[in-house]
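Observations on chain architecture
Single-letter residue listing:
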Amino acid sequence: MYQIHQISAKMTALFDEIHKMDALDQQLISLLRTDARMSIATLAHKLKVSRGTITNRITKLEDDGIIVGYTVRLRPDAQQNEIHAWISIAVEGNETRAVIASLLGEPGIEEIHDTNGRWDLLASLRAANLSELSSVLERIRLIKAIQNTETSIHLQTYRTSSKT
């Protein structure tokens, strides 16, 4: 029971840190998700701040456990054993923009779509294995204002578009 309490306290602390991110942090994460190899100078230029500010922000995001690593994006067919899933998200009240801002910082999310009907958002997820997918889902479910989620794992594709 003590371990569960410790894990819960750590997750609460991480959740609190995630919500301390401002618009600049969110924009920085968005740019890094697009190209994690983007130089500090390029990031600073695009965000109209100094290189020192970018360096400090990245260091703080890493130290706080918000940025937990950097990765490479591959063509969808390049990694056959990767798990692909979709998560449908219901958002409480008028908090969709805040939830989207938080989701943009999640490395396991490939795409985010606004939808109509029962669910407010639909996100495409990719993970190397079930354990990684579980971690992604756990982080998503900690986001304040997410009321409910439903996840479906992609099993097989029968038709795709010819877009590359």
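The structure we're discussing is the one just above.
Here we summarise the structure given alongside this text.

Basis of the calculations
- Residues numbered from 1 in each chain as written.
- Predicted model: local features only at pLDDT ≥ 70, side-chain atom pairs only at ≥ 80, totals over all residues.
- Heavy atoms only, no water.
- Axes fitted to C-alpha atoms, helices over the stretch in contact; angles between N-to-C directions.
- Helix = DSSP H or I, 4+ residues; strand = E, 2+ residues; numbered from the N terminus.
- Parallel < 35°, antiparallel > 145°, perpendicular 65-115°, else oblique.
- Contact = heavy atoms within 4.5 Å.
- Nonpolar A, V, L, I, M, F, W, Y, C, P; charged D, E, K, R; others polar.
- Buried < 20%, exposed > 50% of the residue type's maximum accessible area, 1.4 Å probe, protein only.
- Expected span 1.5 Å × (residues − 1).
- Arc of directions from axis to C-beta.
- Pairing = 2+ DSSP bridges.

Once that is clear, we can look at the packing of helix α2 (residues 23-34) against helix α4 (residues 51-63). Two numbers describe a pair of packed helices, the interaxial angle and the distance between the axes. At their nearest, the axes of α2 and α4 sit 11 Å apart, and the two run at 85° to each other. The angle between α2 and α4 falls in the class roughly perpendicular. For the pair formed by α2 and α4, the contact residues are L24, D25, L28, I29 and L32 on the first element and T53, I54, R57, I58 and L61 on the second. Partitioning the contact of α2 with α4 into residue classes produces 7 nonpolar, 1 polar and 2 charged.

Assignment of secondary structure puts D25 in helix α2. The class for D25 is buried, based on a relative accessible area of 8%.

With 13 residues, α4 extends 18 Å from end C-alpha to end C-alpha; this agrees with the ideal 18 Å at 1.5 Å per step. When we look at burial in α4, the residues that qualify are I54, I58 and L61. Projection of α4 onto a plane perpendicular to its axis shows the buried side chains occupying an angular sector of 65°, all on one side. For α4, the exposed residues lying more than 90 degrees away from the buried face are N56 and D63. The elements touched by buried residues of α4 are α2 and α3 (40-47). Positioned one or two residues after α4, G65 has a phi angle of 80°, which is positive.

This brings us to the pairing of strand β3 (residues 121-127). Buried residues dominate β3, accounting for 6 of its 7 residues. Relative to β3, strand β2 (residues 109-114) runs antiparallel, the two sharing 5 bridges. When the sheet's bridge partners are listed, I109 is paired in β3 with L125. Hairpin geometry of β2 and β3 is characterised by an intervening segment of 6 residues between the two adjacent antiparallel strands and by a positive phi of about 90° at G117.

Time to look at the sheet that holds strand β1 (residues 83-91). Spatially, β2-β3-β1-β4 is the arrangement adopted by the 4 strands of the open sheet, whose pairing is antiparallel. Edge positions in the sheet fall to β2 and β4 (146-153), since each has one partner strand and no second. Ignoring strand direction, the axes of neighbouring strands in this sheet form an average angle of 20°. Across the sheet, helix α6 (residues 130-141) is in contact with β1, β2, β3 and β4; its angle to β3 comes to roughly 145°.

Function-wise, these values are silent; they only describe arrangement.
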